[in-house]
Amino acid sequence: VAAFDSFRFVIKGGLAGAAVYVAYDQGLLGSGTQGAEALKKAQAVLPPAIQEWTKYLGWEVSTLPPTPKFDFSPSDSWNKGVQTVMSALSVAPTRACEYTVEGWKFVKDLVK
């Protein structure tokens, strides 16, 4: 049983390593523009690959749902995330002061 568990661990580790390698090789772990280019390549390759597999498996294409259309820009999402974090950090001192004043008022009201 222990040998089987270690064998499964090795297989899962190998698959995870292969997935990381493929992601790195395709540019998904690079900059936002590299990720956007990789996504565009995937969008171009995915529909023909699905059609080929459906023919191989004998499924009818009309019974399958349509392939998803991605309207996603990694660089825009990254920029939006950075802007949100910077905005939160810029108002943090002001909010901390406001919360401190409210806390002191609450404590004073409890003491009275």
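Residues numbered from 1 in each chain as written. Predicted model: local features only at pLDDT ≥ 70, side-chain atom pairs only at ≥ 80, totals over all residues. Heavy atoms only, no water.

Looking at the chain, the pLDDT average stands at 79 and 82% of residues meet or exceed 70. Within the chain, helix H2 (residues 32-57) has the poorest average pLDDT of any element, 74, and helix H3 (residues 74-111) the best, 86. (pLDDT = per-residue confidence, 0-100. Helix = DSSP H or I, 4+ residues; strand = E, 2+ residues; numbered from the N terminus.)

So, about a nonpolar patch on the surface. A cluster of nonpolar side chains, Trp104, Phe106, Val107, Leu110 and Val111, forms an exposed patch at the surface whose accessible area comes to about 590 Å². Locating Val107 in the fold gives a position in helix H3. (Patch = residues over 30% accessible without salt bridge, like charges linked within 9 Å, V, L, I, M, F, W, Y side chains within 5 Å. Areas by Shrake-Rupley, 256 points an atom, 1.4 Å probe, with all protein chains shown as cover. Salt bridge = Lys/Arg side-chain N within 4 Å of Asp/Glu carboxyl O.)

Another aspect to go through is H2. For H2, spanning 26 residues, the distance from its first C-alpha to its last is 36 Å, which sits close to the expected 38 Å at 1.5 Å a residue. Along its length, H2 reaches its greatest deviation from straightness, about 30 degrees, at Val45, and the proline Pro47 lies no more than four positions downstream. If you check which residues of H2 are buried, you get Gly35, Ala36, Ala38 and Thr54. Trailing H2 by a residue or two, Gly58 shows a phi angle of about 80 degrees, which is positive. (Expected span 1.5 Å × (residues − 1). Bend = angle between axes of the 7 residues up to and from the residue. Buried < 20%, exposed > 50% of the residue type's maximum accessible area, 1.4 Å probe, protein only.)

Relative to the elements of secondary structure, Gly27 occurs in the loop between helix H1 (2-25) and H2. Under the relative-accessibility criterion, Gly27 is labelled buried at 15%. Measuring from C-alpha to C-alpha, the distance between Gly27 and Ala38 comes to 6.2 Å, with 11 residues separating the pair along the chain. Leave out the neighbours within four places in its chain, and Gly27 touches Gln34 and Gly35. (Contact = heavy atoms within 4.5 Å.)

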